[in-house]
Each structure stands twice: as structure tokens, then as C-alpha cells.
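Listed here are the chains, written in short residue letters.
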Amino acid sequence: MIGPNASGKTTLIKTILGMVVQDSGFITFNGNNILHHWQYREQIGYMPQIGRYPDNMTIGHVLDMMKDIRGNKVTLDEDLVEAFELKTLMHKRMRTLSGGTRQKISASLAFLFSPTVLILDEPTAGLDPVASEILKEKIITEKSKGKLILVTSHILSELDDLVTQVVYMQDGQIRFHKSIEELRSDTGEEKLNKAIAQFMRKK
Amino acid sequence: MKKIIKYVMTDILRNRIVLLYTVFLFVISFSMFSLEDNTSKGLLSLLNIILIIVPLVSIIFSTIYVYNSAEFVELLVSQPLKRRTIWLSLFIGLSASLSFAFFIGAGIPVLIYQANTVGIMMITMGIFLSIIFVAIAMLTAVKMRDKAKGIGAAILLWLYFSLLFDGLVLFLLFQFADYPLEKPMIGLTAFNPVDLGRIMILLQMDVSALMGYTGAIFKDFFGTYTGVIFSFGVMCLWILIPVWLSTRKFNRKDL
């Protein structure tokens, strides 16, 4: 999912998660209206754009708490916790962490409970090249398992090998929703950023 | 729900402010009882301090705590949890820890020196007031997005319940001095839990004679079973209504 700043990407994601309540209309998840339901969130892993965590909890506390709250039924997927080497930082308090480390925790939490749907809001913003490469590999492996992954990003070159469908949003409206092959054949461009640029110029 | 209450409570009980509050109450209570040679006089002095301190600490601490746990709430809302569960856990965690702090700080000294109906009434009212002001604080915090505004409103509310309300009542009494106001006064006290608590304790103390004719009317009403049930009912409403309103508001709030 791509679109300029303030086009409503994060708001849409927050509405899907029930963090923002819509004024009109409704959202269904597996055919059920999400309003007043909450169990559906068990199947979603969410990585926020800016992860905000209680200041005086340590990384270990946060992870334990999340496991305590929702980790009783599913198998835990700790690949990212290990890949990001968070184990050595477990005793650090959240307020002392850098933005990048917070992003790593957000990513680890999103993948931790092996959800069937992953929602990643600008996942690689703030991550160093090594970490963002780890995360991209993880996204690709999860995708190959047949999971639904929703990614928003401004870095189009990164999305090339990740995405199969492109949704372009502007001013809260969906401008187009195409598969990547369709987009390539429509615009005659191989790279996503050029294709999008051409599309925007045509408008 | 239990799990979240557990996290909220461990977080609050680790907080230094709550510890200080407990120690402060403890020191005040003991010094009040040892300053006066008569323990019921000591209890009376303690009453006046408690009726000021308990609402103040409960409302300010809870308001700030709710604002500071915005991140915690945000983290939980995206998880498979009902919003109502999150909010009520926050309320139960806050009111349980503050009541606990009050019980340790003021309840134990009172039980040591005055383990009778007066003492028990005082502890009950103190716990009621702690919970009521947590409920009011949470309503303020959910209504106002801005932290500074919210804390300001909390202070104003405390000022209203502790000082301004009494001023208003006095003003009314003087304005309508020619009319018999004793009965409406009973109704009026229902609008201020602090006053209601004060009356309930004073009536147990047999100092109501000092309050003159109004005191006699109060004794006639609040001294009876119906009166006691009425005031406990009103106290419970003071908890339930703010909690209900704030939960409703929180359920529809955008985070």
C-alpha cells in the first residue's frame, strides 16, 4: 500500500485494528464485522510506524507481557528476536532505547505469535541496512507460507521483490488497486518506482 | 482481565509516589494519635486531614497515571483484548492500589488506636473516597486529550469538592436563611462524596450535637438504617456513574 503523506494509510490500518473507530461504513474480517469484536485481532500481527511502549518496562517485560496476554495457544516464532540479537538487550528499559531498536521490537512482536495476517506500517523506516534486510527476508519467507501481508512504505525500490498487489491511496481514496504484473504491463516499466512515477505523471 | 490488572498493580506499587503516600499517611496518623491524649480527638483531627489528602492524591495521581500509560493502552488496544477490559483493568488496578495504600497508611493506625465503629466507618469512607476519585480522574483523563488541561481539570475538581462546594452551600444557607433548609441540605450533601463521608463519620462520633439543629436533622436521617443505606448507595453511584461514562467514552475514542 503506497501513497503520499497524509493520504490515510495509517488511519486505514488503525481502523482495521479497531484503534480508530470509523464514522460510517463497516469493516469485515473473514466475513465478520469487526465492530464490537476483538477476537479477530488474535490473527493479526501489527507493527506500528512509531512503536510506543511503557517507559519503565524492560524489553524482557514487554515481550513476556505480550506472551502472557496472547501467547497461550499459538507456537511462538522467535526468529526475529534472535536475528536482531534482542536477547542481549532484554534488561534495558524502553525509554533508553533508540528508534531503530524500538522498531526491531515492534517487528519482533508482530511476528511473534505466527499470525495469519501481518500489518506492517513503514517497517524499514529507521532500521539499519542489515536489520532491514533481515526483516525483508522474514517478510518473504512468511509470504511464501501463504500469509497475507500488508505493507505501507515510501521506499518503492524496497517493495519490488516483496509485493504482489499494489494499492495506491491519495486523500483517503483508493486511486488504483492492481497486481504488480498488471502495473508493469500497463506502464511498460519494470521497476515499481518508475511505474508509479509514470502513473502519477499521467494524472 | 486478571493479567492486565496484575501488570497495572505491579507497576503502580513499584511507583515511589504511592509508597511516599502510604508512609505520609502512616506518619500523620500516628502523630495525630500521639499528639492528642484523647484518641477520639486524635481521630477528629485525622479526619480533617484525610478528607483533604485522600481525594487530592487519588485524583491527581490517577489522572497523571492514565496519561502516562497512554503507550501501554495503545499497545494493548491493538491486541486481542476488549477495550472495556483494558479500561476496567486500569480502573481496578488504580483503585485497588490506592485503597491498599490508604488501608496500610491510615487504616492500621486507626485500628490500633480506635478499633470501633467510628474507626471502621472512617476506613470504609477513606476507601470509598479513594475509589470515587480514581473514577472521577479517569473520566477527566478520557475526556481531555491534552495532559496539562486534564491535570488542571483534576485539580479544579478536587478544589470544587473540597472547598468550593462547601462555600456554595454556605452561600445558599445565608441567602435562604429565612426558609427551613434542613431537609434540602440532606439532598445537597448527596452531590458531594467528601461531605457525605464527613457526615457519616461525624455522626458516628457523637459530636453531631455541635452542629446544632442541622446536626440533629442529619442525625435523624443519616443515623437510621435507611440513612446509612442511602449514603452507601450514593457513594456507589459516585463510583459507578463516572466509571460507566468513562468506559463508554473510551470505547469510542480514537487512539
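Residues numbered from 1 in each chain as written. Chains lettered and ligands numbered in written order. Predicted model: local features only at pLDDT ≥ 70, side-chain atom pairs only at ≥ 80, totals over all residues.

1. Here's the deal with the overall build of chain B
Right, so step 1: Scanning chain B for helices and strands turns up 11 helices and zero strands.
Right, so step 2: Counting from the amino terminus, chain B carries its helices and strands in the arrangement α-α-α-α-α-α-α-α-α-α-α.
Right, so step 3: For a compact globule of 255 residues, the expected C-alpha radius of gyration is about 18 Å, and chain B comes in at 19 Å, within 12% of that figure.
Right, so step 4: Dimensions of chain B, computed from C-alpha atoms along their principal axes, come out at roughly 60 × 40 × 30 Å.
Right, so step 5: Taking the contacts inside chain B whose residues are at least 6 apart along the sequence as the reference set, 77% of them involve residues at least 24 apart. (Helix = DSSP H or I, 4+ residues; strand = E, 2+ residues; numbered from the N terminus. Rg over C-alpha atoms; globule rule 2.2 N^0.38 Å. Contact = placed C-beta atoms within 7 Å.)

2. Some details on the sheet that holds strand β4 (residues 117-121) of chain A
Residues and elements named next belong to chain A.
Right, so step 1: If you walk across this open sheet you meet the three strands as β3-β4-β5, and the pairing is parallel. Since the sheet does not close on itself, it has two edges, and those belong to β3 (44-47) and β5 (148-152), each with one partner. If you compare each strand with its neighbour and ignore which way they point, the axes differ by 10 degrees on average.
Right, so step 2: Direction of pairing for β3 relative to β4: parallel, over a ladder of four bridges. By the bridge assignment, isoleucine 44 is partnered in β4 with valine 117.
Right, so step 3: Contacts from helix α1 (residues 9-17) reach β3, β4 and β5 within the one sheet, and its direction differs from that of β4 by about 145 degrees. (Pairing = 2+ DSSP bridges. Axes fitted to C-alpha atoms, helices over the stretch in contact; angles between N-to-C directions.)

3. Focus on the confidence of the model for chain B
Right, so step 1: Counting all residues, the mean pLDDT for chain B is 89, and 97% of those residues have values of 70 or more.
Right, so step 2: The complex model carries a pTM of 0.88, and its ipTM stands at 0.83. (pLDDT = per-residue confidence, 0-100.)

4. Quick look at unusual backbone geometry
All names here are of chain A.
Right, so step 1: You will see that asparagine 30, though not glycine, has its phi angle at about 50 degrees, which is positive.
Right, so step 2: Structurally, asparagine 30 is set in the loop between β1 (28-29) and β2 (32-33).
Right, so step 3: According to the C-beta neighbour criterion, asparagine 30 is exposed, with 9 such atoms within 10 Å.
Right, so step 4: Positive phi is not limited to glycine here, since glutamate 122 has a value of about 45 degrees.
Right, so step 5: Mapping glutamate 122 onto the fold places it in the loop between β4 and α5 (129-144).
Right, so step 6: The exposure class assigned to glutamate 122 is partly exposed, which follows from the 19 C-beta atoms found within 10 Å. (Buried ≥ 20, exposed ≤ 12 C-beta atoms within 10 Å, placed from the backbone.)

5. Structural notes on the interface of chain A and chain B
Right, so step 1: Across the boundary between the two partners, chain A contributes 16 residues, which contact 16 residues of chain B.
Right, so step 2: Among the elements that make up the side of chain A that touches chain B, the one with the highest residue count is helix α2 (residues 59-70) of chain A (four residues).
Right, so step 3: Tallied by class, residues from the side of chain A that touches chain B come to 10 nonpolar, one polar and five charged. (Nonpolar A, V, L, I, M, F, W, Y, C, P; charged D, E, K, R; others polar.)

6. Some details on the pairing of strand β6 (residues 165-170) of chain A
Right, so step 1: Alignment of β6(A) against strand β7 (residues 173-179) of chain A, held across six bridges, turns out to be antiparallel. Bridging from a neighbouring strand, A:Gln165 pairs with A:Ser179 of β7(A).

7. Comments concerning the packing of helix α5 (residues 83-113) of chain B against helix α6 (residues 117-143) of chain B
Residues and elements named next belong to chain B.
Right, so step 1: Remark: α5 packs on α6, axes separated minimally by 9 Å, with the N-to-C direction vectors making an angle of 155 degrees. If you check the angle between α5 and α6, you find them roughly antiparallel. Relative to α6, α5 is oriented so that their crossing is right-handed. Taken together, the residues of α6 that come into contact with α5 (itself represented by Phe91, Leu94, Ser95, Leu98, Ser99, Phe102, Phe103, Ala106, Gly107, Val110 and Leu111) are Gly119, Met122, Ile123, Gly126, Ile127, Ser130, Ile131, Val134, Ala135 and Met138. (Parallel < 35°, antiparallel > 145°, perpendicular 65-115°, else oblique. Left-handed = near helix turned anticlockwise from the far one by under 90°.)

8. Quick look at the environment of A:Gly45
Residue and element names in this part refer to chain A.
Right, so step 1: Along the chain, glycine 45 turns up in strand β3.
Right, so step 2: Separated by 65 residues in the primary sequence, glycine 45 and alanine 110 have C-alpha atoms spaced 4.2 Å apart.
Right, so step 3: Once you skip the residues sitting within four places of it in the chain, glycine 45 turns out to touch Ala110, Phe111, Phe113, Pro115 and Leu118.

9. Observations regarding the nonpolar core
Right, so step 1: B:Ile132, B:Val134, B:Ala135, B:Ala137 and B:Met138 are the most contacted members of the largest nonpolar core, which has 114 residues in total.
Right, so step 2: Setting aside its immediate chain neighbours within four residues, B:Ala137 contacts B:Ser58, B:Ile59, B:Ser62, B:Thr63, B:Val66 and B:Ala154. (Core = buried A, V, L, I, M, F, W, Y, C linked by C-beta atoms within 7 Å.)

10. Here we look at the packing of α6(B) against helix α11 (residues 225-251) of chain B
All names here are of chain B.
Right, so step 1: In contact at an axis separation of 9 Å, α6 and α11 are set at 25 degrees when each is read in the N-to-C sense. The pairing of α6 with α11 is recorded here as roughly parallel in orientation. Helix-helix and strand crossings are classified by hand; for α6 and α11 the assignment is left-handed. Contact residues: Phe128, Ile131, Ile132, Ala135, Ile136, Met138, Leu139, Val142 and Lys143 in α6; Met235, Trp238, Ile239, Pro242, Val243, Leu245, Ser246, Lys249 and Phe250 in α11.
Right, so step 2: In terms of residue class, the contact of α6 with α11 is made up of 15 nonpolar, one polar and two charged.

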